[in-house]
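Below, each chain spelled out in residue letters.
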Amino acid sequence: MTYSAKKAVRSVTPGAIQAKWQRGEKITMLTAYDYPTARLVDSAGVDIVLVGDSLGMEELGYSTTLPVSMQEMLHHVKAVRRGTLRALLAADMPFLSYQINEDEAVRNAGRLIQEGEANAVKIEGGTAVAPLVRRLVTIGIPVIGHIGLTPQSVNVMGWRVQGRTEEDADRLKADAEALQEAGAFAIVIELMPKMLAGELTNALSVPTIGIGSGPLCSGQVLVTSDLIGLRQGDGGGGYRHVKKYVDVSAVISDALAEFRREVEGGLFPGDEQSFD
Ligand code: KIV
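Keep in mind the model is a prediction, meaning the values are calculated, not measured. Positions within a chain are numbered from 1, following the residues in the order the chain's sequence is written. Thresholds applied to this predicted model are a pLDDT of at least 70 for local features of residues and 80 or more for the giving and counting of side-chain atom pairs; totals over whole chains, interfaces and linings are not thresholded and use all residues. As a rule here, side-chain values come from all non-hydrogen atoms in the structure, and water together with hydrogens is ignored.

A few words on the site of the ligand. Residues are labelled near a given molecule or strand when at least one of their non-hydrogen atoms is within 4 Å of it. In the region of the ligand, the neighbouring residues are T31, L50, G52, D53, S54, D92, K122, H146, I211 and V223. Any pair of N or O atoms that falls within 3.5 Å is considered a polar contact. Within protein, one atom must be able to donate a hydrogen and the other to accept it, and sequence-neighbouring residues count only if both atoms are side-chain atoms. Measuring from an oxygen atom of the ligand, one finds a side-chain N or O atom of D53 at 3.1 Å. Within the side chain of K122, a nitrogen or oxygen atom sits 2.8 Å from an oxygen atom of the ligand.

On the surface, F95, L96 and I100 cluster together into a nonpolar patch covering about 260 Å² of accessible area. Going along the chain from the N terminus, every DSSP run of H or I of four or more residues is numbered as a helix, and every run of E of two or more is numbered as a strand. The residue I100 is located in the loop between β3 (88–92) and α6 (102–114) in this model. With a 1.4 Å probe rolled over the protein chains alone, any residue whose accessible area is under 20% of its type maximum counts as buried; one over 50% counts as exposed, and the rest are partly exposed. A relative accessible area of 51% places I100 in the exposed class. Within this analysis, patches are made of residues with over 30% relative accessible area and no salt bridge. Like charges are joined at 9 Å or less; nonpolar side chains (Val, Leu, Ile, Met, Phe, Trp, Tyr) at 5 Å or less. All accessibility values rest on the Shrake-Rupley procedure with a 1.4 Å probe; residue burial counts only the protein chains present in the view. A carboxyl oxygen of Asp or Glu within 4 Å of a side-chain nitrogen of Lys or Arg is what we treat as a salt bridge.

Another aspect to go through is the environment of Y33. Here Y33 is to be found in the loop between β1 (27–31) and α3 (35–43). Any pair of residues with heavy atoms lying within 4.5 Å of one another is described as a contacting pair. Residue contacts for Y33: discarding those within four places in its chain leaves V51, G52, S54, L55, E58, E59, H76, V80, V223 and S225. Polar side-chain contacts of Y33 include one of 2.7 Å to the side chain of S54.

For the rest of this paragraph, the subject is helix α5 (residues 70–83). Owing to its 3.6 residues per turn, the α-helix brings residues three or four apart onto one side. Take the residue count of a helix, subtract one, and multiply by 1.5 Å to get its expected span. In this model α5 runs 20 Å from its N-terminal to its C-terminal C-alpha over 14 residues, within 8% of the 20 Å that 1.5 Å per residue would give. All buried positions along α5 are accounted for by M70, M73, L74, H76, V77, A79, V80, R81 and G83.

Throughout the structure description, domain borders are defined by an automatic or database domain assignment. Once the domains are mapped, the protein shows domain 1 (5–245) and domain 2 (248–276). Computed over C-alpha atoms, the centres of domain 1 and domain 2 are 39 Å apart.

Right, let's talk about the packing of α6 against helix α7 (residues 130–138) for a bit. Only the stretch in contact is used when a helix axis is fitted, and all axes are lines through C-alpha atoms; the angle between N-to-C directions ranges over 0 to 180 degrees. Between α6 and α7, whose axes approach to 10 Å, the crossing angle comes to 45°. In terms of their interaxial angle, α6 and α7 are classed as oblique. As for the relative orientation of α6 and α7, their crossing is right-handed in sense. Residues E102, D103, A105, V106 and A109 of α6 touch α7, and the partners they reach there are P131, L132, R135 and L136. Roughly parallel means an angle under 35 degrees; roughly antiparallel means over 145; roughly perpendicular covers 65 to 115; every other angle is labelled oblique. By convention, the crossing between two helices is left-handed when the near helix turns anticlockwise from the far helix through less than a right angle, and right-handed when the turn is clockwise.

In structure tokens:
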């Protein structure tokens, strides 16, 4: 067993997440794609650290999640593993890592657990992926479902709130039930009207983790770079569902500009940064 795998044994478990929800406490999940962010998120006491495929936009500069590959996910999951000592570490299954056939999907989920040392995988989709979820759970891979706005389907659904029509809401309820039935231990519900999210949450016997789905979910997830304001200026952030708790990009920009000014003005390095 590797050093980080030994640490992972002490991670928050799916059972602990469900027990927390059963006690009526809210579940927290945040993204991380690198070691220092994982250390910060883990130290903040968040329950689940997610290496989301939002990696594509937030870290790699892609315009959607679609180009993210298994290699890229694994590279970042390994870094986040090294920084996650306590929280449950979940890894997204990227586009085309689970849609081609079930055996390939099991192999790829297994790589995220075996090579990346994640504790769970997250999969987008409802009824269509339920048989895969059941198979993964059967072989010991905990799964978080993901319904509502599923960014890997952006070319079909766009970036808009889901479940606004009765037909769509019924489909989402069926999806959530299918995932629960298949053994998902929690379900992310993204961009849904708050009343529908509340209805779903009340109907399920597994916790829902909302993003842009209002306060009635069993817990909340955000993309960390959105809540710390890391991508300001390049079109990132600014979504209605995000609360920006700090504007880190302004702090960083000021520091970088000051460095440039000090070097150009002969102020850095000073005596205290120099050796005799
Ligand atoms: O990829 C991601 O970061 C996600 C969260 C937004 C839930 O799926």
